[in-house]
Amino acid sequence: GAVVSQHPSWVICKSGTSVKIECRSLDFQATTMFWYRQFPKQSLMLMATSNEGSKATYEQGVEKDKFLINHASLTLSTLTVTSAHPEDSSFYICSARGPGGQETQYFGPGTRLLVL
Amino acid sequence: GNSVTQMEGPVTLSEEAFLTINCTYTATGYPSLFWYVQYPGEGLQLLLKATKADDKGSNKGFEATYRKETTSFHLEKGSVQVSDSAVYFCALSGGATNKLIFGTGTLLAVQP
């Protein structure tokens, strides 16, 4: 149980285009989901907290107009990287607060984005 | 603020060797502590957790004990296997938001 999926698993796009990444909780409802960014050989950096039915809360230094987050249902959150540039290339990971307790998060497999 | 410090890698061991990956934390209050594992090409998986002092989390032969007096949560395994090769992240969660704060990760490479 407590499975989180992400789609797509990888994407290559041209500079200036927008890319949408989906995060789904498959067997539980998640009122709160999180979006992280992971650079090679580094730790995960929290980008934003996504709450179902309300606006996302962004961490300091993360551009909310650049990284649009929508959490329209209890099982789906989306991250849209708008007008992507090569420096946005990264590994994006979502997680969902799940049935293991308020502090337990279950992670998706990640989406690798390459912007050319 | 809250933070997690874990030993830098890579850690290279032979199969069946004993493993310790050190993790210490700084936090106000009483955080929950976690170890996550990231296998090559995959997302993070929760390995074990402990929610209060002196609790021991265990899973798949790995153990970690929540030591409040030393603010530590070291990961141990008595006999590692090649399949344990992965990046291990120590993390804590606490405060009003329960955000996860991660250490920088430790790469473990187990050789046959």
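What you see is a predicted model; the values in this text were computed from it and never measured.

Rules behind the numbers
Residues numbered from 1 in each chain as written. Chains lettered and ligands numbered in written order. Predicted model: local features only at pLDDT ≥ 70, side-chain atom pairs only at ≥ 80, totals over all residues. Heavy atoms only, no water. Buried < 20%, exposed > 50% of the residue type's maximum accessible area, 1.4 Å probe, protein only. Helix = DSSP H or I, 4+ residues; strand = E, 2+ residues; numbered from the N terminus. Pairing = 2+ DSSP bridges. Axes fitted to C-alpha atoms, helices over the stretch in contact; angles between N-to-C directions. Phe/Tyr/Trp six-rings, centres within 6.5 Å; stacked < 30°, edge-to-face > 60°. Disulfide = S-S within 2.5 Å. Core = buried A, V, L, I, M, F, W, Y, C linked by side-chain atoms within 4.5 Å. Contact = heavy atoms within 4.5 Å.

*Asks:* I tried to follow the pairing of strand S2 (residues 11–14) of chain B on my own but got confused; where do I start?
*Replies:* The side chains of a regular strand alternate, first on one face of the sheet and then on the other. Residue and element names in this part refer to chain B. The alternating pattern of S2 places Val11 and Leu13 on a buried face, while none of Thr12 and Ser14, on the opposite face, is buried. Across 4 bridges, S2 lies against strand S12 (residues 106–111) in parallel orientation. Bridge pairing in S12 links Thr12 to Ala109.

*Asks:* Would you take a moment to explain the sheet that holds strand S1 (residues 4–7) of chain A for this structure?
*Replies:* Sheet strands associate in pairs through backbone hydrogen bonding, adopting either a parallel or an antiparallel arrangement. Residues and elements named next belong to chain A. What the 4 strands build is an open sheet, ordered S1-S3-S8-S7; its pairing is antiparallel. Looking at strand neighbours, the two that pair on one side only are S1 and strand S7 (67–73), the edges of this open sheet. Taken over all neighbouring pairs, the strand axes of this sheet differ in orientation by 15° on average, direction set aside. Pairing geometry for S7 and strand S8 (residues 76–81), over 5 bridges, is antiparallel. In the strand pairing of S8, Phe67 is matched with Val81.

*Asks:* For this particular structure, what's the right way to read the packing of aromatic side chains?
*Replies:* For any pair of aromatic rings, geometry is given as the distance between the ring centres together with the angle between the planes. Evaluation of the coordinates by the stated rule reveals 11 aromatic pairs over all chains. Judged by centre distance (6.3 Å) and plane angle (45°), the ring pair of Phe67(A) and Tyr92(A) falls under tilted. On the criterion of sequence distance, the pair formed by Phe67(A) in strand S7 and Tyr92(A) in strand S9 (residues 90–97) is long-range, its members being 25 residues apart. You'll find Phe67(A) and Tyr92(A) in the same group, each marked buried. One aromatic cluster is present, formed by Tyr36(A), Phe107(A), Phe34(B), Tyr36(B), Phe89(B) and Phe102(B) through successive ring pairs.

*Asks:* Looking at this structure, I do not really get the state of the cysteines. What am I missing?
*Replies:* Formally, a disulfide is one covalent bond, and it connects the sulfur atom of one cysteine to the sulfur atom of another. All chains considered together, the criterion is met by 2 disulfides over all chains. Sulfur-sulfur distance for the disulfide between Cys23(A) and Cys94(A) comes to 2.0 Å. Its S-S torsion of approximately 80° makes the covalent link between Cys23(A) and Cys94(A) right-handed. In this pair, Cys23(A) sits in strand S3 (residues 19–25) while Cys94(A) sits in strand S9, placing the two residues 71 residues apart along the sequence. For the pair formed by Cys23(A) and Cys94(A), the shared burial category is buried. Sulfur-sulfur distance for the disulfide between Cys23(B) and Cys90(B) comes to 1.9 Å.

*Asks:* What is the right way to look at the nonpolar core in this model?
*Replies:* The tendency in soluble globular proteins is for nonpolar side chains to be buried side by side. Counting 26 residues, the largest nonpolar core has Leu19(B), Trp35(B), Leu47(B), Leu48(B), Phe73(B), Leu75(B) and Tyr88(B) as the members making the most contacts within it. Mapped onto this core, the elements with two or more residues apiece are S2, strand S3 (19–21), strand S4 (23–26), strand S5 (32–38), strand S6 (44–50), strand S8 (62–65), strand S10 (86–94) and S12 of chain B. Take this core: its biggest share by element is 4 residues, from S10(B). Once residues within four sequence positions are removed from consideration, Leu75(B) is found in contact with Leu19(B), Thr20(B), Ile21(B), Trp35(B), Leu47(B), Leu48(B), Phe62(B), Glu63(B), Ala64(B) and Tyr88(B). Among the nonpolar cores identified, the runner-up in size contains 25 residues, and Met47(A), Ala56(A), Ala84(A) and Ala96(A) belong to it.

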